[in-house]
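Each chain is listed here by its residues.
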Amino acid sequence: MVDLSVNLSGLTLDNPVIPASGTFGFGYEFAELYDINILGSFSFKGTTRDPRFGNPTPRIAECESGMINSVGLQNPGVEKVIAEELPKLKKCFHKPVIANVSGFSLDEYVTCCEKLDKEDQVGLIEVNISCPNVHGGGMSFGVCPDSAFEVTKAVKAVTKKPVYIKLSPNVTDITEIAAACEEAGADGLSLINTLLGMRIDLKTKKPVVANKMGGFSGKAIFPVALRMVYQVYEKVNIPIIGMGGVSSAEDVIEMMLAGASAVQVGAANLVNPYACRDIIESLPAAMEKYNIKTLKEIIGGAHNG
Amino acid sequence: MKQGIFTVTENRKIASSVFEMTLAGDTSDITAPGQFVNIQLDGFFLRRPISVCDCEDGTLRLIYKVVGKGTEAMSGLASGTGLDILTGLGNGYNTEVSGDRPLLLGGGVGVPPMYMLCKKLLAEGKDVTVILGFNTESEVFYEEEFKALGAKVLVTTADGSKGIKGFVTDAMNGIDYTYFYTCGPEPMLKAVYNKSTTSGQLSFEERMGCGFGACMGCSCKTKYGNKRICKDGPVLVKEEIIW
């Protein structure tokens, strides 16, 4: 028997596989297909203080081995998430869930996190700092160490649950942002969010997505994500949830060797709704193949020696 | 929704750039006309959503137009090819509210879903009129197939090379209908919406990520709240539409 369990700041997960925010909704669509309680946990749809429709459509463009999305954080707002989505989710998912939070001002992050921190179902709060800061002239909180520090500090002050900051890869040096979050008291880090990308339609000669640019995800970004997890692992001493293009049990193992304590699966869920189940089911055989008995023992294994 | 492997049994050109593909597999999750399937193709990241033309006892029929690389690859698939397909996607048309004399309007590749719908309405004993709209004669398909089902069929072409010259709305004059169902390009849907004198159901198209409601890639605003074209649609009722 192999041991798939991992720990995230005191939270024990049966296995490291977590559907990434925005690719799993609030779980219901997938619960129709399989028992989602086999998941380590899951990160629900990015939630903001106020309801958001998001960006105009088209919001999706295809790429080689990946896709671009510019959904723009469509969600019903934190009040409705707590009043309607979480009770519904409780019926199909019985493990602690990861609450993914976004905001456009410090105050929004604080309000949202404060509310979700009180929910028993929430095991961990994942703070997405990739959205533009309306008070900072539209620049993302996640691109500057000072604003990343500020958000982390403010959110930590109003929460008891572990706080993981989700980092953007669209920065000069992700390790600097990571270090700022650790210094501000972050319990862990999630990385990477999508890479800023675009496609142009040759027939119309205009960008495919209405917002012109969007977040590039899928298989193609795995090496970039892996590299960033590896670099951040060397810089900080807090756990990392690794993500970006993960679509197989082998990718999970590779991500953990780079330094991830758990792994999120994103775009793969959208093309194969059984992706997470398939990965979890094939992990034991993959571990045996590579002589791994206890999965958590390989975390950061690529850095030794 | 169900995931299954289907086998291509036939894949043939039926009009200019338009192909008909017949597949064998588990069709048990397809419960209403107007639903769609999402097809995984080798070498493409996202699946291809294609509306269901007809399905019966394990036989699935799709009609698609070659508009990009994905549909071009589909057109080259040989009989015997296995395809990973998600079925039973979308809400589909509700036939219960049609009244005795429903009017069906399909434009271009909006025609295929009208076929299964027409079949169902006729089986329910209704008097069905179908208007099929195309750009030009070489693009016309399924006129005979609809006639064979027992529907009254009118064909329009934008250039007048076949049937009535003009758009589907030009053939609506004088038809006494109790309800309408339509599928086609958005300007056509809007024209039908404006000209119609009864309630109806309109099927919309949008670029999709997943096709089953998870990614929020194809959302739209309606009078009944935000909806996902793939999951809460693609069929919307006339009263809820915001143009």
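Rules and cut-offs
Residues numbered from 1 in each chain as written. Chains lettered and ligands numbered in written order. Predicted model: local features only at pLDDT ≥ 70, side-chain atom pairs only at ≥ 80, totals over all residues. Heavy atoms only, no water. Helix = DSSP H or I, 4+ residues; strand = E, 2+ residues; numbered from the N terminus. Rg over C-alpha atoms; globule rule 2.2 N^0.38 Å. Buried < 20%, exposed > 50% of the residue type's maximum accessible area, 1.4 Å probe, protein only. Contact = heavy atoms within 4.5 Å. Axes fitted to C-alpha atoms, helices over the stretch in contact; angles between N-to-C directions. Left-handed = near helix turned anticlockwise from the far one by under 90°. Nonpolar A, V, L, I, M, F, W, Y, C, P; charged D, E, K, R; others polar. Salt bridge = Lys/Arg side-chain N within 4 Å of Asp/Glu carboxyl O. Domains from an automatic or database assignment. Buried area = accessible area lost by both parts, 1.4 Å probe. Polar contact = N/O pair within 3.5 Å; in protein donor to acceptor, adjacent residues only side chain to side chain. pLDDT = per-residue confidence, 0-100. Core = buried A, V, L, I, M, F, W, Y, C linked by side-chain atoms within 4.5 Å. Phe/Tyr/Trp six-rings, centres within 6.5 Å; stacked < 30°, edge-to-face > 60°. Lys NZ or Arg CZ within 6 Å of the ring centre and 35° of its normal.

A word on the overall build of chain A
Counting its regular elements, chain A contains 9 helices and 15 strands. A compact globule built from 305 residues should have a C-alpha radius of gyration of about 19 Å, and chain A, at 18 Å, falls within 12% of that. Projecting the C-alpha coordinates of chain A onto the three principal axes gives extents of approximately 50 × 50 × 45 Å. Classification of the 305 residues of chain A by burial places 60% in the buried group. Look at the contacts in chain A between residues 6 or more apart in sequence, and 71% of them connect residues 24 or more apart.

Comments concerning the packing of helix α3 (residues 106-117) of chain A against helix α4 (residues 145-156) of chain A
Packed helix pairs are characterised by how far apart their axes lie and by the angle those axes make with each other. Residue and element names in this part refer to chain A. Where α3 contacts α4, the axes come no closer than 9 Å and their chain directions differ by 30°. Helix-helix and strand crossings are classified by hand; for α3 and α4 the assignment is right-handed. Of α4, the residues touching α3 (which contributes L106, Y109, V110 and C113) are E150, V151, A154 and V155. For the contact of α3 with α4, the residue count by class is 7 nonpolar, no polar and 1 charged.

Brief notes about the pattern of salt bridges
When the charged atoms of two side chains with opposite charge come close together, those side chains can pair. Residues and elements named next belong to chain B. Taken as a whole and judged by the stated rule, the model has 27 salt bridges over all chains. Close ionic contact of K2 with D26 constitutes a salt bridge, the shortest N to O distance being 3.2 Å. Placement of K2 in strand β1 (residues 2-15) and of D26 in the loop between β2 (18-24) and β3 (36-39) is noted, with a sequence separation of 24 residues between them. In this structure K2 comes out as partly exposed when scored by relative accessible area, which is 32%. Since its relative accessible area comes to 40%, D26 is described here as partly exposed. Residues E240 and K227 are paired through a salt bridge, measuring 2.9 Å at the closest nitrogen-oxygen approach. In this pair, E240 is assigned in the segment after β15 (235-237) and K227 in strand β14 (residues 225-228), connecting sequence segments 13 residues apart.

Section: the domain arrangement of chain B
You'll often see interface size given as the accessible area lost when the parts meet. Residue and element names in this part refer to chain B. According to the domain assignment, chain B contains domain 1 (2-89) and domain 2 (102-203). Here domain 1 and domain 2 have C-alpha centroids that lie 22 Å from each other. Contact residues are listed per partner, giving 19 residues for domain 1 and 13 residues for domain 2. Per-residue buried area on domain 1 facing domain 2 is highest for P33, C53 and I63; these three make up 33% of the total on that side. At the junction of domain 1 with domain 2, the criterion picks out 2 salt bridges. A salt bridge links K119 to E56, with the shortest nitrogen-to-oxygen separation between them at 2.9 Å. Applying the counting rule to domain 1 against domain 2 returns 6 residue pairs in polar contact (both at pLDDT 80 or more). When contributions to the side of domain 1 that touches domain 2 are tallied by element, the ones reaching two or more residues are β1, β2, β4 (48-56) and β5 (59-65). When residues in the side of domain 1 that touches domain 2 are grouped by element, the largest group, 6 residues, is from β4. Of the residues that constitute the side of domain 1 that touches domain 2, the class distribution is 11 nonpolar, 3 polar and 5 charged.

Structural notes on the interface of chain B and chain A
With 28 residues of chain B in contact, the opposing surface of chain A contributes 34 residues. For the pairing of chain B and chain A, the buried interface totals around 2500 Å² over both sides, and the portion due to carbon and sulfur atoms is 59%. For the pair chain B and chain A, the number of links is 3 salt bridges. Of the charged contacts, one joins A:E32 and B:K231 as a salt bridge, the two residues approaching to 3.4 Å between their closest N and O atoms. Where chain B touches chain A, the interface holds 11 residue pairs in polar contact (both at pLDDT 80 or more). Elements with a minimum of two residues in the side of chain B that touches chain A: β13 (219-222) and β14 of chain B.

Digging into the confidence of the model for chain B
Looking at chain B as a whole, its pLDDT mean stands at 97, while 100% of the residues score no less than 70. Our summary of model confidence lists the complex with pTM equal to 0.95 and ipTM equal to 0.93.

What about unusual backbone geometry?
The peptide bond linking A:T57 to A:P58 adopts the cis configuration, its omega dihedral lying at 0°. Turning to its location among the elements, A:P58 is positioned in the loop between α1 (28-31) and β4 (60-63). Following B:G233, the chain continues into B:P234 via a peptide bond in cis, with omega recorded as 5°. Notably, A:K212 is not glycine yet its phi reads approximately 70°, a positive angle. If you trace the backbone, A:K212 turns up in the loop between β12 (206-207) and β13 (214-217). Positive phi is not limited to glycine here, since A:N291 has a value of about 65°. Here A:N291 shows up in the segment after α9 (275-289).

A closer look at the nonpolar core
Among the nonpolar cores identified, the biggest contains 129 residues, and A:V127, A:I129, A:L167, A:L189 and A:L191 are the most heavily contacted of them. The leading source of residues in this core is α9(A), at 7 residues. Taken domain by domain, this core gets at least three of its residues from each of domain 1 (2-89) and domain 2 (102-203) of chain B. Apart from the residues lying within four places of it in its own chain, the contact partners of A:L167 are A:I129, A:S130, A:I174, A:I177, A:A178, A:C181, A:L189, A:S190, A:L191, A:I192 and A:N193. B:C53, B:I63, B:V140 and B:V235 belong to the second-largest nonpolar core, a separate cluster that totals 28 residues.

Notes on the packing of aromatic side chains
Under the criterion given, the structure shown has 17 aromatic pairs over all chains. Geometrically, the ring pair formed by B:Y115 and B:Y142 is edge-to-face, given 5.3 Å between the ring centres and 75° between the ring planes. You can see B:Y115 sitting in helix α2 (residues 112-123) and its partner B:Y142 sitting in the loop between β8 (129-134) and α3 (143-149), a full 27 residues away along the chain. An angle of 80° between the planes, with centres 5.5 Å apart, marks the rings of B:Y115 and B:F146 as edge-to-face. Taken together, the positions of B:Y115 in helix α2 and B:F146 in helix α3 put the pair 31 residues apart, joining distant regions of the chain. An aromatic cluster is present here, built from A:F24, A:F30, A:F42, A:F93 and B:F212 joined pairwise through their rings. For A:R59, the ring lying beneath its charged end belongs to A:F53, and the centroid distance is 4.8 Å.

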